[in-house]
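Fold and geometry: a report
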Amino acid sequence: MRTITEQQIIAYAPNPNAVANARKISSGGGFVSHMRSADDTFYMGECKGSGKSNYVVSADFVEEASPVFRCSCPSRQFPCKHSLALLFEIFLKKEFGVGEIPEDILKKREKKAKKEAADEKGSGTEESEGKEASEEEAKKAARRQKAGKAAKSKKIKKQLEGLEMTEDLVYGLMRSGLSTMGSVSLKTYRDLAKQLGDYYLPGPQLYLNQLILEMEEFQKDQDGDHYRAAVEVLKKLRGLCKKARVYLTEKLENDTPEADDDILYEELGGIWKLDQLNALGLKKENACLLQLSFQVVYRQAGKEFIDLGYWADVDTGEIYSTCNYRPVKALKYIKQEDSCFALLHIPVLSCYPGELNRRVRWEAAEYREPGEEIYKKVKSLACQDIAGAVKTAKNQIKNILSDDFCAMMVAYRQIGMVQTGDRSFWVVEDVNGKRLELRGRNEEEKLCLAMLCELPDREQLKEQVLFGLVYYDGKDHSMCMAPLSVVTDKGIIRLLY
């Protein structure tokens, strides 16, 4: 009988309420019959519902990484609570009698296989497609391509107009000083930020909103931290505008408005589809990922929540990130992500352009329980030298378009408190005696430091691996690390959540 983990069920669910309702159905004896196929690829059951007839629920696992759920109930949620309840029946090892796969399911499988074969056959080169297509169809395709290219070029010209307007603002502030923002109503700058949306410039728009927020806070409390943050945002905005103008101008001059593997494409309004990333070679097949940490952050400048996860590639040790953006105005339409404790086997991992901590996505994954050998392997892939880790982070942070931190795994000899004058603080020390101070940039990360004192075994402060964010603290011009997790031979201890 198939093995399913609770983590998988939660991952399939559209929302937490669906999981809770599915538990109730399963624990309350909602299913009146159970059946599975002899090859263990198909599960089906009849579930009591609110109507006169029972609902017929099934789960087709013919494709392990992307099972197909079906239910005769009228719910618009997918998968519905009855489908999730069927998974709980499997999870709880309920008795499933062996039976034949229904004929309609076999026909649907066959139809899907034929469609995939046809798509594969039709995905050859443009030359072979042209031979098979009629002359009229080829002309229509050429017209569509030409129109699409013209629309993209028109969009680039509009973006260049918006960049010119933004650069005028930036250079004006740099000449007169950020303090002049206080002499003008911030509403003027907010209006400009809104206009950038009409110019297809979400990146500059986000930076300008962030700049406005920092200056607004500075006007309230005169806290130097807000002013320093505003200066950094202004530098990033200037750097983005400068690089973007060159990038877009070259695309127009070379008549290549299509998507490419430059990080600026997304910063300037481009929306990536998985097939585009894959076509550019930005993918990895048969990837194996283990989540190191997870948190939900609110970005006020974009008025959105971000479900942020960091993952270790079990084969290479590369640290990836996942970002699920949930705008406040669309919260009820977007599923919130959650922590993942399973080992993910992903047929095709799509990677966004970038350097370290690249953002990744995938369409399907198989969930497995990680064993000690996985944790030991991940530990072995951590950076053994703090000096090397800091150097790598510095080089990454220097890129004006990158994040101001770098997610890294660092092997340590010990973690402990040190005293300097009247100040005591946490440090992580490697086998060479090199140290890196541990700090928290916000209240959540400061709580992570406090959690180090609550580790179940004090020996875990020795000879393990620390995962966290290495960053530059402008207050005292030092490199620091915000700890998020401790990786041991037996598991991952998450200091956050």
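Rules and cut-offs
Residues numbered from 1 in each chain as written. Predicted model: local features only at pLDDT ≥ 70, side-chain atom pairs only at ≥ 80, totals over all residues. Heavy atoms only, no water. Helix = DSSP H or I, 4+ residues; strand = E, 2+ residues; numbered from the N terminus. Buried < 20%, exposed > 50% of the residue type's maximum accessible area, 1.4 Å probe, protein only. Pairing = 2+ DSSP bridges. Salt bridge = Lys/Arg side-chain N within 4 Å of Asp/Glu carboxyl O. Core = buried A, V, L, I, M, F, W, Y, C linked by side-chain atoms within 4.5 Å. Contact = heavy atoms within 4.5 Å. pLDDT = per-residue confidence, 0-100. Arc of directions from axis to C-beta. Axes fitted to C-alpha atoms, helices over the stretch in contact; angles between N-to-C directions. Phe/Tyr/Trp six-rings, centres within 6.5 Å; stacked < 30°, edge-to-face > 60°. Lys NZ or Arg CZ within 6 Å of the ring centre and 35° of its normal.

This part takes up unusual backbone geometry. Here the bond from Phe78 into Pro79 is cis, since omega is -10°, no more than 30 degrees from zero. For Pro79, the position within the fold is in the loop between strand E4 (68-71) and helix H3 (81-91). Unlike most non-glycine residues, Asp40 shows phi in positive territory, near 65°. By the element assignment, Asp40 lies in the loop between strand E1 (31-37) and strand E2 (42-47). Classification of Asp40 as buried rests on a relative accessible area of 15%. If you check the backbone angles, Tyr200 has positive phi at about 55° while not being a glycine. For Tyr200, the position within the fold is in the loop between helix H7 (186-198) and helix H8 (202-221).

The next point concerns the pairing of strand E6 (residues 283-299). Of the pairings in the sheet, the one linking E6 to strand E9 (residues 343-351) comprises seven bridges and is antiparallel in character. When the bridges of E9 are listed, Ala287 appears paired with Ile346. Sheet topology places E6 next to strand E7 (residues 304-313); ten bridges connect them, and they run antiparallel. Its bridge partner lying in E7, Gln295 is registered against Leu308. Remark: four residues form the turn of the hairpin made by E6 and E7, two consecutive strands paired antiparallel; Lys303 in that turn has positive phi of roughly 50°.

Counted by the stated rule, this structure contains 35 salt bridges. The shortest N-O distance in the salt bridge between Asp225 and Lys475 comes to 3.4 Å. With Asp225 in helix H9 (residues 224-253) and Lys475 in the loop between strand E15 (462-473) and strand E16 (478-487), this residue pair connects regions lying 250 residues apart in the sequence. Residue Asp225 is classed as partly exposed on the basis of its relative accessible area of 29%. Owing to a relative accessible area of 59%, Lys475 belongs among the exposed residues under this scheme. Of the charged contacts, one joins Asp260 and Lys251 as a salt bridge, the two residues approaching to 2.9 Å between their closest N and O atoms. Lys251 carries the same exposure label as Asp260, and that label is buried.

As a further point, take the nonpolar core. With 55 residues, the main nonpolar core has Met409, Ile415 and Leu438 as its most contacted residues. The leading source of residues in this core is strand E12 (residues 405-420), at nine residues. Once residues lying within four places of it in the same chain are set aside, the contact partners of Leu438 are Ile415, Trp426, Val427, Val428, Leu449, Leu452, Leu466, Met481 and Pro483. Grouped together as the second largest cluster of nonpolar side chains are 38 residues, Val170, Leu201, Tyr265 and Leu268 included.

A word on the confidence of the model for the protein chain. Summing up the model confidence of the protein chain, the mean pLDDT is 88 and the portion of residues at 70 or higher is 93%. Taken together, the stretch residues 123-131 has pLDDT below 50 and engages in three contacts with residues farther than four places along the chain or on a different chain.

Another point: helix H12 (residues 372-380). Listed as buried for H12 are Ile374, Tyr375, Val378 and Lys379. Within H12, the buried residues cover an arc of 135° as seen down the axis, which keeps them to one side. Opposite its buried face, H12 presents the exposed residues Glu373 and Ser380, each directed more than 90 degrees away.

This brings us to the sheet that holds strand E5 (residues 97-99). Taken in spatial order, the five strands line up as E4-E3-E2-E1-E5 in an open sheet, and their pairing is mixed. Edge positions in the sheet fall to E4 and E5, since each has one partner strand and no second. Each neighbouring strand pair of the sheet contributes to a mean axis angle of 20°, computed without reference to strand direction. As paired elements, E1 and E5 share three bridges and run parallel to each other. Paired with Arg36 across the bridge in E5 is Val98. Lying on the sheet, H3 is in contact with E1, E2, strand E3 (55-60) and E4; it crosses E3 at an angle near 65°.

Right, let's talk about the packing of aromatic side chains for a bit. Counted according to the given criterion, the structure contains ten aromatic pairs. Between the aromatic rings of Trp311 and Trp362, the centroid separation amounts to 5.5 Å while the plane-to-plane angle is 85°, which identifies the pairing as edge-to-face. Note that Trp311 is positioned in strand E7 and Trp362 in the loop between strand E10 (360-361) and strand E11 (366-368), a separation of 51 residues in sequence. Connected via pairs of aromatic rings, a cluster forms that spans Tyr12, Phe69 and Tyr367. Between the NZ or CZ atom of Arg441 and the centre of the ring of Phe405, over which it lies, the distance is 4.9 Å.

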